[in-house]
Amino acid sequence: MDYKIFAQYEQDGWQRNAATYDAIDLPTTRQAVTPILNSLGNLQGLHILELASGTGYLAQQAVTQGATVTGSDISAKMVGLAQQRRLAGAKFLIGDAAALPFETELFDAVVCSFGFPHFAYPQTVLREAARILKPNGILTFTIWPNPEPDNNFFGLIQTVCQTYAEQAVDLPPAPPSSALADPAIRDPMLATAGFRDISVQSLNLRWPLQGPKTMVEFVLKGSVRTRMLYEQQIPEIQTQIRDALIAETMPYIQAGKESISCPALLVTAHLGAKSC
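Model, not experiment: these values are computed from the prediction.

Asker: I tried to follow the pattern of salt bridges on my own but got confused; where do I start?
Answerer: Charged atoms that come close allow side chains of opposite charge to pair. Enumeration according to the criterion identifies 7 salt bridges in this entry. For D22, the salt bridge goes to R85, with nearest N and O atoms at 3.8 Å. Within this pair, whereas D22 is found in helix α2 (residues 21-24), its partner R85 is found in the loop between α6 (76-83) and β3 (90-94), the two being separated by 63 residues in sequence. When its relative accessible area of 23% is taken as the criterion, R85 is described as partly exposed.

Asker: For this particular structure, what's the right way to read helix α1 (residues 4-17)?
Answerer: Each α-helix turn comprises 3.6 residues. Residues three or four places apart therefore point the same way. The end-to-end C-alpha distance of α1 is 20 Å, a good match for the 20 Å that 14 residues give at a rise of 1.5 Å each. Buried residues of α1: F6, E10, G13, W14 and N17, and no others. Seen along its axis, α1 keeps its buried residues to an arc of 95°; they face one direction. For α1, exposure combined with an orientation more than 90 degrees from the buried face picks out K4 and I5. In the core, the buried residues of α1 are packed alongside α2, α6, α10 (214-221) and α11 (225-231).

Asker: Explain the nonpolar core here, please?
Answerer: Across soluble globular proteins, nonpolar side chains have a tendency to be buried as a group. Counting 50 residues, the largest nonpolar core has L40, L43, I48, F153, I157, F218 and L245 as its most contacted members. When residues in this core are grouped by element, the largest group, 6 residues, is from helix α8 (residues 153-164). If we ignore the near neighbours within four places in the chain, the residues touching I48 are L40, L43, A62, A67, T68, V69, T70, F107, A109 and V111. One finds L49, F119, A130 and V267 within the second-largest nonpolar core, a separate group that totals 30 residues.

Asker: It is not clear to me how the pairing of β3 should be interpreted in this structure. Could you clarify?
Answerer: Two faces, one strand: in a regular strand the side chains alternate between the faces of the sheet. Looking at chain direction, strand β2 (residues 68-73) and β3 are connected through 5 bridges and run parallel. When the sheet's bridge partners are listed, G71 is paired in β3 with F92. Note on the crossover from β2 through α6 to β3: the handedness is right-handed.

Asker: In this structure, what is going on with the packing of aromatic side chains? I would like to understand it.
Answerer: Each aromatic ring pair is described using two quantities: the centre-to-centre distance and the angle formed by the ring planes. Under the criterion given, the structure shown has 13 aromatic pairs. Ring geometry for F153 against F218: centres 5.6 Å apart, planes inclined by 75°, an arrangement best described as edge-to-face. Taken together, the positions of F153 in helix α8 and F218 in helix α10 put the pair 65 residues apart, joining distant regions of the chain. Its relative accessible area of 6% is what places F218 among the buried residues. Judged by centre distance (5.8 Å) and plane angle (80°), the rings of F154 and W207 are edge-to-face. Taken together, the residues span a long stretch of sequence, with F154 in helix α8 and W207 in strand β7 (residues 206-208) at a distance of 53 residues. Summarising the burial analysis for this pair, F154 and W207 share the class buried. Among the aromatic residues, ring-to-ring pairing joins F114, W144, F153, F154, W207 and F218 into one connected group.

Asker: Would you mind going over the sheet that holds strand β5 (residues 133-143) with me for this structure?
Answerer: Sheet strands pair via backbone hydrogen bonds, and the direction of the pair is either parallel or antiparallel. Across the sheet, 7 strands lie side by side as β3-β2-β1-β4-β5-β9-β6; this open sheet has mixed pairing. If you trace the sheet from one side to the other, it starts and ends with β3 and β6 (195-203), each paired once. Within this sheet the neighbouring strands show an average axis-to-axis angle of 15°, counted without direction. The pairing of β5 with strand β9 (residues 264-271) spans 6 bridges and is antiparallel. Across the sheet, residue T142 finds its bridge partner in β9, namely L266. Against the sheet, α6 touches β2 and β3, its axis set at about 165° to β3. This element, helix α7 (residues 122-132), spans β1 (47-51), β4 (107-113), β5, β6 and β9 of the sheet and lies at about 145° to β5.

What counts and what doesn't
- Residues numbered from 1 in each chain as written.
- Predicted model: local features only at pLDDT ≥ 70, side-chain atom pairs only at ≥ 80, totals over all residues.
- Heavy atoms only, no water.
- Salt bridge = Lys/Arg side-chain N within 4 Å of Asp/Glu carboxyl O.
- Helix = DSSP H or I, 4+ residues; strand = E, 2+ residues; numbered from the N terminus.
- Buried < 20%, exposed > 50% of the residue type's maximum accessible area, 1.4 Å probe, protein only.
- Expected span 1.5 Å × (residues − 1).
- Arc of directions from axis to C-beta.
- Contact = heavy atoms within 4.5 Å.
- Core = buried A, V, L, I, M, F, W, Y, C linked by side-chain atoms within 4.5 Å.
- Pairing = 2+ DSSP bridges.
- Right-handed = clockwise from strand over helix to strand, strands pointing away.
- Phe/Tyr/Trp six-rings, centres within 6.5 Å; stacked < 30°, edge-to-face > 60°.
- Axes fitted to C-alpha atoms, helices over the stretch in contact; angles between N-to-C directions.

Structure representation (structure tokens):
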């Protein structure tokens, strides 16, 4: 399947989202950073490659623990924001995770915080991760599982979109966003790329509520796939979606809740012996 158009949508989408990422997405995704780094053990002296490195928050935490980090992101604006952190021990570059510009066996670990739903060719990304890892290197990534309707942040958004959005719109073909949360899909993909000793940990993340429009702001300024669907709707349906997202958020606010459940999975695997 050719996902090149989807890949371009993703690149363009994160260019649009770069300025608002730290305000909208990072309050949730940063909750996974400590588990990601803990999965690597002692970071002192480790050379880490971060895929979809965004604005550089994870890299900042890693270098304070003694690691050196190279961050790669498809969005030039994201890379620019990461570079503004001016981190000693970290560098950031514009790059495609499916075609990494590095020599083989260069890094001790590869990490990726919620980047896989945005990769057009995740199997190729896994092969590239294996190529640039040293023998026995570690791959760690987080992934959103399939949302449960009416049960968590993404489930509520999915329910609203399924209820109000016209699904038969012109969207580019794309790989399933939560494919790597499914062990029947993920584990063979990892094994094919050369990884073994796969472990999975559930993360009980929470999406902070920043007012009635929290989910609306995410759809419009913090997502790419969902915004693709939203922007293909006629104005009347767009209004219905926004109103419904606010209506789904209000009971949490009225009940004094400060956040909505947003579970994730942490996947760790080790690179097996490389063939000569």
